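Chain residues, written in single-letter form:
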Amino acid sequence: MRTRLSVYCYLMEHGWFDGISLDIDKSNIIMKALDAAVIKMEGGTENDVKILDLEDEEEKAEKSEAGKKEEGLRGGSDADRKLAMEKEKEEKKEESGKKVERRG
């Protein structure tokens, strides 16, 4: 019980509960706070808890990369769009060629 209290106090002091409301829109923040609580209750260190921030940054970077790729297909210059369309056509040709090879 003391461990749980000390973990709760630690999380409060370090702002893990700031801006959290039990709302589906806040599910990522809630899960992150609960993960931090489990790490601390299991005897984890400050560095162990910081890993949660690193994972969050990696997810944001991956989403940003995906968004840039999608934006490149939709937006960009005419030359960029033409290159993307040509690449897509070439991939489809290769894919259909592989299907024909499999059948034969």
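Residues numbered from 1 in each chain as written. Predicted model: local features only at pLDDT ≥ 70, side-chain atom pairs only at ≥ 80, totals over all residues. Heavy atoms only, no water.

- An unreviewed UniProt entry lists the protein under the name Serrate RNA effector molecule homolog, with Callorhinchus milii given as the organism.

## What to know about the overall build of the protein
No. 1: The helix and strand inventory of the protein stands at four helices and zero strands.
No. 2: N-terminal to C-terminal, the α/β element order of the protein is α-α-α-α.
No. 3: Relative to its full complement of 104 residues, the protein shows a buried share of 14%.
No. 4: Intrachain contacts of the protein at a sequence separation of at least 6 include 35% that bridge at least 24 residues. (Helix = DSSP H or I, 4+ residues; strand = E, 2+ residues; numbered from the N terminus. Buried < 20%, exposed > 50% of the residue type's maximum accessible area, 1.4 Å probe, protein only. Contact = heavy atoms within 4.5 Å.)

## So, the pattern of salt bridges
No. 1: Overall, the coordinates contain one salt bridge when judged by the stated rule.
No. 2: Of the charged contacts in the structure, one is a salt bridge between Asp53 and Lys32, with a shortest N-O distance of 2.6 Å. Highlighted residues: Asp53 in helix α3 (residues 46-74) and Lys32 in helix α2 (residues 27-41), separated in sequence by 21 residues.
No. 3: Relative accessible area serves as the criterion here: at 31%, Asp53 is assigned to the partly exposed category. (Salt bridge = Lys/Arg side-chain N within 4 Å of Asp/Glu carboxyl O.)

## Here we look at the packing of helix α1 (residues 2-13) against α2
No. 1: It is at 10 Å that the axes of α1 and α2 come closest, and there the two elements cross at 135 degrees. Relative to α2, α1 is oriented oblique. The crossing of α1 and α2 is right-handed. Residues Thr3, Arg4, Val7, Tyr10 and Leu11 of α1 form the contact with α2, whose participating residues are Ala33, Ala36, Ala37, Lys40 and Met41.
No. 2: Taken together, the residues that form the contact of α1 with α2 break down as seven nonpolar, one polar and two charged. (Axes fitted to C-alpha atoms, helices over the stretch in contact; angles between N-to-C directions. Parallel < 35°, antiparallel > 145°, perpendicular 65-115°, else oblique. Left-handed = near helix turned anticlockwise from the far one by under 90°. Nonpolar A, V, L, I, M, F, W, Y, C, P; charged D, E, K, R; others polar.)

## A look at a nonpolar patch on the surface
No. 1: Taken together, the side chains of Leu5, Tyr8 and Met12 make up a nonpolar region of the molecular surface, amounting to roughly 320 Å² of accessible area.
No. 2: Structurally, the position occupied by Tyr8 is in helix α1. (Patch = residues over 30% accessible without salt bridge, like charges linked within 9 Å, V, L, I, M, F, W, Y side chains within 5 Å. Areas by Shrake-Rupley, 256 points an atom, 1.4 Å probe, with all protein chains shown as cover.)

## What to know about the nonpolar core
No. 1: Core analysis: the largest hydrophobic core is formed by eight residues, namely Val7, Tyr10, Leu11, Trp16, Ala36, Ala37, Val49 and Leu52.
No. 2: Those elements that provide at least two residues to this core are α1, α2 and α3.
No. 3: Looking at this core, the element that brings in the most residues is α1, giving three residues. (Core = buried A, V, L, I, M, F, W, Y, C linked by side-chain atoms within 4.5 Å.)

## Regarding the environment of Phe17
No. 1: The topology assignment puts Phe17 in the loop between α1 and α2.
No. 2: Through-space distance from the C-alpha of Phe17 to that of Ala33 is 7.0 Å; in sequence the pair is 16 residues apart.
No. 3: With near-sequence residues (within four places) excluded, Phe17 lies in contact with Tyr8, Leu11, Met12 and Ala33.

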